[in-house]
Amino acid sequence: MFSNIIRKTAKPAARTFIRKASNATTKQPANSKRLLYSLGGFGLGAAATYSTMEQNNTTPRMAGQSIYGMLESFGDRLDRIEEALGVGLSVFSDEIQKIRAVKASNPGNRAMKYFDEGYFAKLGLPLQQVFMDIVRTGFENADSGLGCYAMKPDDYETFADFFDPLIRDYHGASPDAVHVTDWDISDVGENGVLDVTKLGLPTLSMRVRVGRNLTGFNLPGNMDRAERVRFEKAMLKAFKKLQAMPEYGGQVYSLTPDFDGAKNPNKISDAKYNELVKAHVMFKDMDADPYLKSAGIASDWPYGRGCWQSDDKQCIIWFGEEDQLRIMCMKKGTKLNEVFTRLKGMLDTVESIEGVKFARSDKYGYVTSCPSNLGTGMRASVHIKIPNLTSDGTDKKAKAIAGPLGLSVRGVGGEHTPIGADGTVDISPRARLFIKEKEIIGALYKGIQNLMAEEKK
Ligand code: ADP
Ligand code: DAR
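Below: a short report on this structure.

The rules behind each value
Residues numbered from 1 in each chain as written. Chains lettered and ligands numbered in written order. Predicted model: local features only at pLDDT ≥ 70, side-chain atom pairs only at ≥ 80, totals over all residues. Heavy atoms only, no water. Helix = DSSP H or I, 4+ residues; strand = E, 2+ residues; numbered from the N terminus. Buried < 20%, exposed > 50% of the residue type's maximum accessible area, 1.4 Å probe, protein only. Contact = heavy atoms within 4.5 Å. Areas by Shrake-Rupley, 256 points an atom, 1.4 Å probe, with all protein chains shown as cover. Near = heavy atom within 4 Å. Nonpolar A, V, L, I, M, F, W, Y, C, P; charged D, E, K, R; others polar. Expected span 1.5 Å × (residues − 1). Pairing = 2+ DSSP bridges. Axes fitted to C-alpha atoms, helices over the stretch in contact; angles between N-to-C directions. Salt bridge = Lys/Arg side-chain N within 4 Å of Asp/Glu carboxyl O. Bend = angle between axes of the 7 residues up to and from the residue.

Quick notes on the overall build of the protein chain
In terms of regular secondary structure, the protein chain is built from 15 helices and ten strands. Per-residue burial over the protein chain gives 53% buried out of 457 residues. Looking at the protein chain alone, contacts between residues at least 24 apart form 70% of all its contacts between residues at least 6 apart. Surface summary for the protein chain: the accessible area is close to 20500 Å², and the carbon and sulfur share equals 55%.

Topic: the site of ligand 1
Close contacts around ligand 1 come from 19 residues, with Ser-205, Arg-207, Arg-209, Arg-410 and Val-412 the closest. When the free accessible area of ligand 1 is taken as 550 Å², the share hidden by the protein chains comes to 95%. The set of elements that each furnish at least two residues to the shell around ligand 1 consists of β1 (204-212), β5 (325-333) and β8 (378-385). Of the residues assigned to the shell around ligand 1, the class counts are five nonpolar, six polar and eight charged.

Here we look at the environment of Asp-161
Considering the arrangement of structural elements, one finds Asp-161 in helix α9 (residues 160-170). For Asp-161, a relative accessible area of 61% translates into the label exposed. Spatially, the C-alpha atom of Asp-161 lies 8.4 Å from that of Tyr-119, the residues being 42 residues apart in sequence.

Brief notes about helix α13 (residues 336-351)
Compared with the 22 Å implied by 1.5 Å per residue over 16 residues, the 23 Å span of α13 between its first and last C-alpha is a close match. By the burial criterion, the buried members of α13 are Leu-336, Asn-337, Val-339, Phe-340, Leu-343, Met-346, Leu-347, Thr-349 and Val-350.

With respect to the sheet that holds β1
With antiparallel pairing, the eight strands of this open sheet are ordered in space as β2-β3-β4-β5-β1-β8-β10-β9. Every other strand in the sheet has two partners, leaving β2 (251-254) and β9 (407-410) as the edge strands with one partner each. Going across the sheet, the axis of each strand differs from the next one's by a mean of 20°, ignoring polarity. Pairing between strand β4 (residues 315-319) and β5: five bridges, direction antiparallel. Following the sheet pairing, Ile-316 is matched in β5 by Met-328.

Quick notes on the pattern of salt bridges
Per the stated rule, a full pass over the model turns up 25 salt bridges. The closest approach of N and O atoms between Asp-133 and Arg-136, which form a salt bridge, is 2.7 Å. Of this pair, Asp-133 and Arg-136 both sit in helix α7 (residues 125-140), three residues apart, which is roughly one turn of that helix. For the residue pair Asp-133 and Arg-136, the accessibility class agrees, reading buried in each case. Taken together, the shared-partner salt bridges connect Glu-321, Glu-322, Asp-323 and Arg-326 into one network.

As for the pairing of β9
Look at any regular strand and the pattern is simple: side chains alternate between the two faces of the sheet. The two faces of β9 match: Leu-407 and Val-409 on one face and Ser-408 and Arg-410 on the other face are all buried. Taken together, the four bridges between β9 and strand β10 (residues 424-429) define a ladder with antiparallel strand orientation. Bridged to Leu-407 within β10 is Pro-429.

Thoughts on α7
Between its first and last C-alpha, α7 extends 21 Å over 16 residues, near the 22 Å set by a 1.5 Å rise per residue. The largest bend in α7 comes to about 45°, at Ile-134. Of all 16 residues in α7, 15 are buried, a share of seventy percent or more.

Next comes the structure, spelled out in structure tokens:
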């Protein structure tokens with residue numbers, strides 16, 4: 001009887017309590033659990049005590065001790081049942097059921113594939129709450145390929161038993177691979193020049209972006225509105241430095257309605273926002289991405305979201321998207337190395353600014369929200385017309401050809417968007433981790449060459 005009462009009344013309260021406790025600390029799972037059950041048990045004990053007092057005409061103290069003692073021993077027995085079953089029957093039983101179902105229905109969903117109930121049961125409540133936040137996108141979106149986003153920069157270490165095999169599976173890496181950072185393209189292409197005119201191609205829209213996250217802040221999935229605004233304010237100092245440099249200058253475009261009631265000097269209108277999205281300068285409202293939404297990355301929209309763009313429009317820094325920062329260079333041209341090298345210069349400038357320290361892992365290089373972006377965080381892309389490979393109006397044939405060439409195909413609006421009516425697609429190397437930056441830009445050039453050979457067949 002009590003188990004049902006506890007489960008029905010204490011369970012939602014428990015979930016709220018754990019979420020708050022796990023954000024506050026991940027250090028005393030046992031204490032939080034005791035506190036959790038005691039709170040739940042105490043509330044019920046008070047109610048049961050009152051009814052017992054009336055029936056037995058006893059003093060509150062006597063009645064309370066007998067009921068409370070009973071609830072406490074019940075809590076201990078529930079713990080032992082959970083341990084015996086090797087899984088938390090308490091506040092996460094609904095999630096565990098969903099995980100079991102997706103694990104069976106979608107074997108390609110790597111977060112579900114690598115979710116181990118015995119491992120989860122041993123984590124303790126606050127870490128279990130963080131871990132559920134990490135994999136929520138996976139059990140809420142069964143078709144996920146990864147199905148997880150880190151919540152804190154050190155999650156890849158904290159939950160290494162889960163993340164490491166998942167990462168090496170996705171990136172096709174050996175158990176002992178370690179990421180190496182190297183931007184030196186002097187031996188790539190023709191002495192570092194990668195000119196698509198050599199491939200018979202005209203001017204293309206070229207873009208190289210990296211995801212970066214600062215130490216000292218949660219990753220976007222775990223930020224609340226206050227932290228998102230605090231992050232934006234911290235980045236304003238960095239943007240100010242860039243604005244003072246002639247080679248950058250630039251303008252901040254912010255979506256944040258206000259700063260705790262104070263006017264936001266960089267706030268833009270909806271019309272300006274839509275104009276910037278259309279120009280591929282700003283990112284789309286993330287609420288439209290179910291994967292990001294499940295992970296909490298789209299929460300508190302539009303607070304703490306926006307971008308800085310240089311005077312010449314070629315350098316852009318997003319803040320508040322899937323990663324805290326997306327730093328990119330984009331221009332129309334034929335030399336891929338130009339956007340690559342300009343980006344490297346901007347990154348060195350940004351990282352030299354006081355207070356800016358990019359989160360890195362010894363094993364995985366630069367830390368990003370999604371394991372797919374770890375390492376370099378780099379996506380190097382071109383918009384290119386392939387009317388033959390898209391003659392059916394879809395990206396199906398193009399993806400079938402590009403996949404084995406190590407290339408991703410996206411739409412003209414980026415991830416999860418359709419291809420252009422004229423057959424324009426966004427092509428980029430898929431690899432981000434256990435590959436050097438210089439190799440990615442070289443792979444883009446080689447990928448374009450191979451894809452165009454298929455297009456001409
Ligand atoms: P990300 O590249 O950061 O992973 P998306 O794929 O959604 O995110 O792309 C973000 C925006 O950048 C979209 O508007 C997309 O069209 C634009 N974009 C990506 N590559 C290019 C490119 N080579 N030229 C112009 N715009 C691009
Ligand atoms: N749909 C998610 C996204 C993975 C890669 N794209 C990112 N990170 N924007 C998945 O797990 O498949």
